[in-house]
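# A look at the structure
Residues per chain are reported as follows:
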Amino acid sequence: MASTTEDQAVKFPPLFSKKFNITNIKQDILKWDKDWEAAIASLTAADVLKEISYLLDDSFLTPDDLKSLHLDLRIIQEGAARNLRKILHGGRFNTIWLLLGASEQRRHILQGLEKASEAPSTLLGQDNRALCPDVTVSNFLSEGGKGFIGFLTRFLEVFDSSDPAFLPNSWWEQASDLPNSWWKQTSNDASRQRPEGTKMVFEVATICRNKFIGGFFSLIKHCFFLLASLESILRDIIHPSVGMKDVLNIVDNTGADFAHSLAQAKTTLRDKPLVRCENCTKTPEDIGEGVRFMVCSTCRTKLKFQVHYCSQSCQKDDWPVHKKACGKKEVSKGLSGTKDDNLWQFSGGQMGPIADMMRNIPTNQDGTVDIANVGVGPCKGRRSPAAERQAEMLEADKEADYFLFTASDVPVRFVIDDPGAKMVFRINRRMIMTQTADSGLEPMAEYMLKHMSGFPGLSRDIIFKQLCAEYGNNTTRKVVEWERKSRERGVSTGTVIGSLSKDFMKVFGHTFSK
């Protein structure tokens, strides 16, 4: 191949975009991406290299050409790594990205893919997407956006550990030793060595793949996927869109720990609702591989509404309940995590216990929750006699947040005035008293020790003695360790609940009535 400048770069004619009739990106970028994801899913590495081999032969590139391609790739990756380290330093970018809604995340990824596909200095243009089965919107949006952060981190790890820095991908790497007949290997070649042309095809394709992924956005002509996407996000941070403004409000006006915790919790949200048997409540995963759930045919036909059953037996058992609405009204039991559960996204993961709690709290007509209604709730296990006494007193007095007892067993009513601290305290109180989660006791105890140890008739020892009677003899050890970690983290108010209270109300205050 004769040497060319970047502005005169050789371009291959459309291969995969033509073969799969990919929608024009300028007409409909969402359809364009959907077409590409379908094409990528249907392709094998052998298919990709076979198509490229029709355009390349041993005479296409000289050794000097290959050397130049490697050097160009390294320059691009060095720029990408340098900029990535600056962007990812401190974790602020990660928090902002994870807090963004899925539609905003998708918009930035698509902008990166669009720029990378239109970059003038690549051999294959948008056909590079066929070389990158790991570079898809669905992969990057997985786990609330963690897929994209993981990809950025992996890029840096590979760059720092190898030269050339070729991002590993099992789908693609299988092509490096493919003994396919279309690579013109002779049938009597016992060693099945690949010809030089085959090696060259794979090497050039691998360079194209990694060049498409990389990019050095400070040079417009090198604006490929990875940093083109980051450039889109950074531009949005400087000139915020509506979706970005809400995220920046959280990041800039709350503590770093709170914003980070909120972002991590968001990644545990479900992407889609569960399917549960309306009778036994089991999911396909609970039953095992091979199970195929049924739906009520009458509801599906007349109402276009799905009620699921794992077996005919369960459908028969549920009939006395379901027959009242069958084919007449869209009625289901709203089982946890299913599409008819308003909190299905929060089922499981870090937010699961809170979602379980919220399902059982009555709401006001405007949809807000009265903090006084965040009560104790029924216990899933067995409470100690001391904890049962506490629960009964709290249920009888909705305004009290806790009852502490003096050495002579005189109750002291503990009431929190700050609405943010009150809500966070009650969430922790409910989780520990209903035994829906292992967490909750330490921050709750820390807060009471901070504010009530000096109250007449109370002390740290007296409060610890009560809490050990309510929640077990190891309570003191766990709480003291929690306090030590709070001091190490430099919690400004001295308690985690106090630290979170203002941030909590800034983000969720509109959902609670005081």
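Residues numbered from 1 in each chain as written. Predicted model: local features only at pLDDT ≥ 70, side-chain atom pairs only at ≥ 80, totals over all residues. Heavy atoms only, no water.

### Digging into the packing of aromatic side chains
Within the structure shown, the criterion is met by 7 aromatic pairs. Look at Trp-97 and Phe-148: their rings are 4.8 Å apart centre to centre, the planes differ by 50°, and that puts the pair in the tilted class. Of this pair, Trp-97 sits in helix H5 (residues 92–99) while Phe-148 sits in helix H8 (residues 146–161), and the two are 51 residues apart along the sequence. Each ring, one from Phe-140 and one from Phe-148, has its centre 5.4 Å from the other, and the planes form 70°; the classification is edge-to-face. Considered together, Phe-140 and Phe-148 belong to a single accessibility category, that of buried residues. Grouped by ring-pair contacts, the aromatic residues Trp-97, Phe-140, Phe-148 and Phe-151 constitute a single cluster. Note that Arg-129 overlies the ring of Trp-32, its terminal NZ or CZ placed 5.0 Å from the centroid. (Phe/Tyr/Trp six-rings, centres within 6.5 Å; stacked < 30°, edge-to-face > 60°. Helix = DSSP H or I, 4+ residues; strand = E, 2+ residues; numbered from the N terminus. Buried < 20%, exposed > 50% of the residue type's maximum accessible area, 1.4 Å probe, protein only. Lys NZ or Arg CZ within 6 Å of the ring centre and 35° of its normal.)

### Structural notes on empty space enclosed by the protein
According to the stated counting rule, one finds 1 cavity of 30 Å³ or more in the structure shown. Estimated volume of the largest cavity: approximately 40 Å³. Every residue lining the largest cavity is listed: Ala-372, Val-374, Gly-375, Val-376, Leu-394, Glu-395, Asp-397, Lys-398, Ala-400, Arg-426 and Arg-429. Every element with two or more residues in the lining of the largest cavity is listed here: helix H18 (385–396) and helix H19 (419–434). For the lining of the largest cavity, the residue count by class is 5 nonpolar, 1 polar and 5 charged. (1 Å grid on protein atoms, 1.4 Å probe; cavity = no way out; pocket = protein on both sides within 12 Å on 5 of 7 lines; lining within 4 Å. Points joined across faces, edges and corners; volume = space filled by probe spheres on them. Nonpolar A, V, L, I, M, F, W, Y, C, P; charged D, E, K, R; others polar.)

### Describing the pairing of strand E4 (residues 402–405)
Alternating positions in E4 separate into two faces, Tyr-402 and Leu-404 on one and Phe-403 and Phe-405 on the other, with burial throughout. Two strands pair when backbone bridges link them, and E4 and strand E5 (residues 411–414) are joined in this way by 4 bridges, in the antiparallel orientation. From the neighbouring strand, Leu-404 faces E5, where its bridge partner is Val-412. The loop that links E4 with its antiparallel partner E5 comprises 5 residues; one of these, Asp-409, has a positive phi angle of about 70°. (Pairing = 2+ DSSP bridges.)

### Here we look at the packing of helix H2 (residues 29–42) against helix H6 (residues 102–118)
Here H2 crosses H6 at 75°, and the two axes come no closer than 11 Å. Judged by the inter-axis angle, H2 sits roughly perpendicular to H6. Contacts between H2 and H6 involve Ile-29, Leu-30, Trp-32 and Asp-33 on the former and, on the latter, Arg-106, Leu-110, Leu-113, Glu-114 and Ser-117. (Axes fitted to C-alpha atoms, helices over the stretch in contact; angles between N-to-C directions. Parallel < 35°, antiparallel > 145°, perpendicular 65-115°, else oblique. Contact = heavy atoms within 4.5 Å.)

### As for the environment of Leu-500
Here Leu-500 lies in helix H23 (residues 496–508). Through-space distance from the C-alpha of Leu-500 to that of Ala-421 is 7.3 Å; in sequence the pair is 79 residues apart.

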